[in-house]
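Residue-level listing of the chains:
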Amino acid sequence: MEKKVFSIDGKELRTITLDENVFGLPVNDDVIYYAINNELANKRVGTACTKDRAEVHGSNAKPYKQKGTGNARRGDKKSPLLRGGGVVFGPKPRDFSFALPKKVKRLAMKSILSGKAQNDTLTVIEDFSVESGKTKDLVKILNNFAKDERTVIILKDDDAMIKRAGRNIHNVSFLSFNRLRAHDLFYARKVLVLETAVKNLSDFYSNENEEAK
(Lines give C-alpha, C1' and ligand atoms only; values in the text may rest on other atoms or scores of the structure.)
Protein backbone atom coordinates (compact mmCIF):
# COMPACT_ATOMS: atom_id res chain seq x y z
CA MET A 1 0.00 0.00 0.00
CA GLU A 2 1.34 3.38 -1.01
CA LYS A 3 0.83 6.50 1.13
CA LYS A 4 1.89 10.07 0.55
CA VAL A 5 4.23 11.73 3.01
CA PHE A 6 3.34 15.32 3.87
CA SER A 7 5.43 18.12 5.24
CA ILE A 8 4.32 19.96 8.39
CA ASP A 9 2.94 22.62 6.05
CA GLY A 10 0.60 20.11 4.42
CA LYS A 11 2.54 19.77 1.16
CA GLU A 12 3.19 16.45 -0.55
CA LEU A 13 6.84 15.37 -0.35
CA ARG A 14 7.08 11.75 -1.48
CA THR A 15 5.41 8.37 -1.19
CA ILE A 16 6.07 5.60 1.30
CA THR A 17 5.20 1.91 1.12
CA LEU A 18 3.21 0.64 4.10
CA ASP A 19 3.78 -2.90 5.32
CA GLU A 20 0.83 -5.06 4.24
CA ASN A 21 1.22 -7.20 7.37
CA VAL A 22 0.49 -4.18 9.54
CA PHE A 23 -1.54 -1.74 7.43
CA GLY A 24 -3.12 -4.03 4.86
CA LEU A 25 -4.93 -6.66 6.90
CA PRO A 26 -8.70 -7.22 6.91
CA VAL A 27 -10.33 -5.51 9.88
CA ASN A 28 -11.18 -7.96 12.67
CA ASP A 29 -14.00 -6.37 14.68
CA ASP A 30 -13.98 -9.10 17.33
CA VAL A 31 -10.40 -8.62 18.50
CA ILE A 32 -10.83 -4.84 18.41
CA TYR A 33 -13.82 -5.19 20.73
CA TYR A 34 -11.86 -7.44 23.12
CA ALA A 35 -8.88 -5.04 23.19
CA ILE A 36 -11.01 -1.95 23.89
CA ASN A 37 -13.07 -3.79 26.50
CA ASN A 38 -9.85 -4.96 28.17
CA GLU A 39 -8.44 -1.43 28.36
CA LEU A 40 -11.63 0.01 29.80
CA ALA A 41 -11.98 -2.82 32.33
CA ASN A 42 -8.38 -2.39 33.49
CA LYS A 43 -9.02 1.32 34.10
CA ARG A 44 -12.02 0.69 36.35
CA VAL A 45 -11.31 1.44 40.01
CA GLY A 46 -13.91 -0.94 41.42
CA THR A 47 -14.34 0.83 44.77
CA ALA A 48 -18.16 1.07 44.80
CA CYS A 49 -19.46 -0.39 48.04
CA THR A 50 -22.88 -0.77 49.69
CA LYS A 51 -23.98 -2.24 53.02
CA ASP A 52 -26.20 -5.27 53.25
CA ARG A 53 -28.60 -5.83 56.15
CA ALA A 54 -25.86 -7.45 58.24
CA GLU A 55 -23.69 -4.31 58.00
CA VAL A 56 -26.32 -1.61 58.50
CA HIS A 57 -26.30 0.02 61.94
CA GLY A 58 -29.52 -0.65 63.83
CA SER A 59 -31.33 -2.84 66.31
CA ASN A 60 -32.09 -6.50 65.73
CA ALA A 61 -35.26 -6.22 67.80
CA LYS A 62 -38.62 -6.84 66.18
CA PRO A 63 -40.25 -3.37 65.81
CA TYR A 64 -43.75 -4.55 66.79
CA LYS A 65 -45.59 -7.75 67.45
CA GLN A 66 -46.27 -10.21 64.68
CA LYS A 67 -50.08 -10.05 64.68
CA GLY A 68 -52.85 -7.65 65.50
CA THR A 69 -51.37 -4.31 64.36
CA GLY A 70 -52.56 -4.37 60.75
CA ASN A 71 -48.98 -3.71 59.57
CA ALA A 72 -46.81 -5.93 57.44
CA ARG A 73 -44.68 -8.45 59.32
CA ARG A 74 -41.27 -6.95 60.07
CA GLY A 75 -38.29 -8.83 61.35
CA ASP A 76 -36.11 -5.78 62.10
CA LYS A 77 -35.48 -2.21 60.94
CA LYS A 78 -32.54 -3.25 58.77
CA SER A 79 -34.73 -4.98 56.22
CA PRO A 80 -33.94 -4.05 52.58
CA LEU A 81 -37.62 -3.12 52.19
CA LEU A 82 -37.34 -0.23 54.65
CA ARG A 83 -35.72 3.15 54.25
CA GLY A 84 -32.25 3.05 55.76
CA GLY A 85 -32.11 -0.72 55.50
CA GLY A 86 -29.53 -2.86 53.77
CA VAL A 87 -29.07 -3.09 50.01
CA VAL A 88 -29.89 -6.32 48.21
CA PHE A 89 -27.12 -7.53 45.88
CA GLY A 90 -25.39 -4.13 45.94
CA PRO A 91 -21.89 -3.56 44.55
CA LYS A 92 -18.83 -4.53 46.56
CA PRO A 93 -15.17 -3.62 45.92
CA ARG A 94 -13.76 -5.83 43.18
CA ASP A 95 -11.08 -6.01 40.52
CA PHE A 96 -12.52 -5.70 37.01
CA SER A 97 -9.20 -6.17 35.20
CA PHE A 98 -8.43 -9.25 33.15
CA ALA A 99 -5.57 -10.46 30.99
CA LEU A 100 -5.75 -10.52 27.22
CA PRO A 101 -3.42 -12.71 25.14
CA LYS A 102 -0.59 -10.77 23.51
CA LYS A 103 -1.46 -12.11 20.07
CA VAL A 104 -4.99 -10.76 20.41
CA LYS A 105 -3.70 -7.33 21.47
CA ARG A 106 -1.25 -7.17 18.58
CA LEU A 107 -3.84 -8.31 16.05
CA ALA A 108 -6.26 -5.68 17.38
CA MET A 109 -3.71 -2.89 16.91
CA LYS A 110 -2.91 -4.06 13.38
CA SER A 111 -6.61 -4.30 12.54
CA ILE A 112 -7.21 -0.74 13.71
CA LEU A 113 -4.18 0.59 11.82
CA SER A 114 -5.29 -1.28 8.71
CA GLY A 115 -8.80 0.14 8.99
CA LYS A 116 -7.51 3.68 9.37
CA ALA A 117 -5.14 3.29 6.42
CA GLN A 118 -7.84 1.82 4.18
CA ASN A 119 -10.35 4.55 5.12
CA ASP A 120 -7.83 7.33 4.44
CA THR A 121 -8.01 8.60 8.01
CA LEU A 122 -4.31 7.83 8.50
CA THR A 123 -1.83 10.47 7.36
CA VAL A 124 1.96 10.14 7.26
CA ILE A 125 3.90 13.28 8.19
CA GLU A 126 7.60 13.98 8.01
CA ASP A 127 9.42 13.75 11.34
CA PHE A 128 9.13 16.93 13.36
CA SER A 129 9.47 18.20 16.87
CA VAL A 130 8.27 21.27 18.75
CA GLU A 131 11.48 22.61 20.20
CA SER A 132 9.73 25.54 21.90
CA GLY A 133 7.25 23.27 23.64
CA LYS A 134 4.53 25.85 22.99
CA THR A 135 0.97 24.89 22.20
CA LYS A 136 0.52 27.52 19.51
CA ASP A 137 3.43 26.09 17.49
CA LEU A 138 1.87 22.64 17.50
CA VAL A 139 -1.59 24.01 16.69
CA LYS A 140 -0.20 25.62 13.52
CA ILE A 141 0.96 22.20 12.35
CA LEU A 142 -2.23 20.38 13.32
CA ASN A 143 -4.43 22.90 11.53
CA ASN A 144 -2.98 21.66 8.23
CA PHE A 145 -4.29 18.14 8.87
CA ALA A 146 -7.05 18.16 11.48
CA LYS A 147 -9.20 20.97 12.83
CA ASP A 148 -11.20 20.42 16.02
CA GLU A 149 -11.23 16.66 15.42
CA ARG A 150 -10.32 13.84 17.73
CA THR A 151 -6.72 13.21 16.70
CA VAL A 152 -4.02 10.72 17.60
CA ILE A 153 -0.36 11.38 16.85
CA ILE A 154 1.89 8.31 16.76
CA LEU A 155 5.44 9.26 17.71
CA LYS A 156 8.70 7.57 16.80
CA ASP A 157 9.87 7.87 20.41
CA ASP A 158 8.90 9.46 23.70
CA ASP A 159 9.19 13.11 22.59
CA ALA A 160 8.62 15.15 25.75
CA MET A 161 8.51 18.51 23.93
CA ILE A 162 5.68 17.49 21.58
CA LYS A 163 3.70 16.09 24.50
CA ARG A 164 4.32 19.27 26.45
CA ALA A 165 3.06 21.38 23.57
CA GLY A 166 -0.05 19.27 23.17
CA ARG A 167 -1.13 18.68 26.76
CA ASN A 168 -3.46 21.70 26.65
CA ILE A 169 -5.23 20.46 23.49
CA HIS A 170 -8.17 18.43 24.75
CA ASN A 171 -8.85 16.41 21.59
CA VAL A 172 -5.27 15.33 20.80
CA SER A 173 -3.57 12.19 22.15
CA PHE A 174 0.05 11.13 21.78
CA LEU A 175 1.06 7.48 21.50
CA SER A 176 4.48 5.92 21.10
CA PHE A 177 4.71 3.30 18.35
CA ASN A 178 5.33 0.51 20.88
CA ARG A 179 2.65 1.60 23.39
CA LEU A 180 -0.54 2.00 21.39
CA ARG A 181 -3.99 2.16 22.97
CA ALA A 182 -6.85 0.53 21.07
CA HIS A 183 -9.52 2.84 22.49
CA ASP A 184 -7.74 6.06 21.45
CA LEU A 185 -6.85 4.73 18.01
CA PHE A 186 -10.26 3.30 17.19
CA TYR A 187 -12.24 6.43 18.08
CA ALA A 188 -9.81 8.90 16.51
CA ARG A 189 -11.11 10.79 13.48
CA LYS A 190 -7.55 11.49 12.34
CA VAL A 191 -4.40 9.43 12.92
CA LEU A 192 -1.16 11.26 12.19
CA VAL A 193 1.93 9.04 12.02
CA LEU A 194 5.47 10.34 11.85
CA GLU A 195 7.45 8.90 8.95
CA THR A 196 9.98 7.12 11.15
CA ALA A 197 7.14 5.80 13.32
CA VAL A 198 5.72 4.03 10.25
CA LYS A 199 8.94 2.07 9.90
CA ASN A 200 9.06 1.42 13.63
CA LEU A 201 5.48 0.11 13.59
CA SER A 202 6.32 -2.22 10.72
CA ASP A 203 9.36 -3.58 12.52
CA PHE A 204 7.55 -3.91 15.84
CA TYR A 205 4.37 -5.61 14.63
CA SER A 206 5.82 -7.65 11.76
CA ASN A 207 8.53 -9.23 13.86
CA GLU A 208 7.85 -12.97 13.97
CA ASN A 209 9.78 -13.32 17.20
CA GLU A 210 7.50 -10.79 18.88
CA GLU A 211 4.43 -12.62 17.59
CA ALA A 212 5.62 -15.85 19.17
CA LYS A 213 5.90 -14.32 22.66
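Please read these numbers as outputs of a predicted model, since none were measured by experiment. Each chain carries its own residue numbering, running from 1 in the direction its sequence is written. Local features in this predicted model are restricted to residues whose pLDDT is 70 or higher, and side-chain atom pairs enter the listing and the counts only when it is 80 or higher, whereas totals over whole chains, interfaces and linings include all residues. Note: side-chain values were computed over all heavy atoms of the structure, leaving out hydrogens and water.

**Student:** Got a minute to help me understand the pattern of salt bridges in this structure?
**Tutor:** Pairing between side chains of opposite charge can happen when their charged atoms approach one another. A side-chain nitrogen of Lys or Arg and a carboxyl oxygen of Asp or Glu constitute a salt bridge if their distance falls within 4 Å. Across all of its chains, the model carries eight salt bridges by this definition. The partner of Lys 156 in a salt bridge is Asp 127, and the shortest N-O contact between them spans 3.8 Å. Of this pair, Lys 156 sits in the loop between strand S4 (151-155) and helix H5 (160-166) while Asp 127 is found in the loop between strand S3 (122-125) and helix H4 (135-142), placing the two residues 29 residues apart along the sequence. According to the relative accessible area criterion, Lys 156 is partly exposed, its value standing at 30%. Secondary structure elements follow DSSP: runs of H or I of four or more residues count as helices, runs of E of two or more count as strands, with numbering from the N terminus. Categorising residues by exposure relies on relative accessible area from a 1.4 Å probe, with only protein chains included: less than 20% of the type maximum marks a residue as buried, more than 50% marks it as exposed, and the intermediate range marks it as partly exposed.

**Student:** What is the right way to read the packing of helix H3 (residues 102-118) against helix H7 (residues 195-206) from this model?
**Tutor:** When two helices pack together, their arrangement is captured by the angle between the axes and the distance separating the axes. Put simply, H3 and H7 touch, their axes get as near as 11 Å, and they point 145° apart. Of the two elements, H3 crosses H7, and the hand of that crossing is left-handed. Here H3 contributes Arg 106, Met 109, Lys 110 and Leu 113 to the contact with H7, which in turn contributes Leu 201, Phe 204 and Tyr 205. Axis definition: a line fitted to C-alpha atoms, over the contacting stretch in the case of helices. Angles run 0 to 180 degrees between N-to-C directions. By definition, turning the near helix anticlockwise from the far helix through less than a right angle yields a left-handed crossing, and turning it clockwise yields a right-handed one. The criterion used for residue contact is that any of the two residues' heavy atoms lie within 4.5 Å.

**Student:** Looking at this structure, how should I read the pairing of strand S6 (residues 190-194)?
**Tutor:** Each regular strand carries side chains that alternate between the two faces of the sheet. Burial analysis of S6 places four of its five residues in the buried class, which makes it a mostly covered element. Pairing geometry for S3 and S6, over four bridges, is parallel. Counted as the bridge partner of Thr 123 is Leu 192 from S6. A strand pair is defined by DSSP finding two or more bridges across the two strands. Looking at chain direction, S4 and S6 are connected through four bridges and run parallel. By the bridge assignment, Ile 153 is partnered in S6 with Leu 192.

**Student:** Please explain unusual backbone geometry as it appears in this structure.
**Tutor:** Most peptide bonds are trans, and most residues other than glycine sit at a negative phi. Notably, Phe 89 is not glycine yet its phi reads approximately 55°, a positive angle. Residue placement: Phe 89 occurs in the loop between helix H2 (29-43) and H3.

**Student:** Would you explain the packing of aromatic side chains in this entry?
**Tutor:** Aromatic rings considered in pairs are described by the distance between their centres and by the relative angle of their planes. Whether two aromatic rings pair depends on their centres lying within 6.5 Å, for rings of Phe, Tyr and Trp, where Trp uses its six-membered ring; planes under 30 degrees apart make the pair stacked, over 60 edge-to-face, and the rest tilted. Evaluated as defined, the whole model comprises five aromatic pairs. Each ring, one from Phe 6 and one from Phe 145, has its centre 6.3 Å from the other, and the planes form 75°; the classification is edge-to-face. Linking Phe 6 in strand S1 (residues 2-6) with Phe 145 in the loop between H4 and S4, this pair joins segments that are 139 residues apart in sequence. The exposure class of Phe 145 is buried, given its relative accessible area of 15%. Judged by centre distance (5.0 Å) and plane angle (90°), the ring pair of Phe 186 and Tyr 187 falls under edge-to-face. Given a relative accessible area of 36%, Phe 186 falls into the partly exposed group. Here Tyr 187 falls in the partly exposed class, since its relative accessible area comes to 39%. To sit over a ring, a charge needs its Lys NZ or Arg CZ within 6 Å of the ring centre and within 35 degrees of the ring normal. Positioned above the aromatic ring of Phe 96, the side-chain terminus of Arg 44 is 3.6 Å from the ring centre. Across from the ring centre of Phe 204, 5.3 Å away, lies the NZ or CZ of Arg 106, which sits over that ring.

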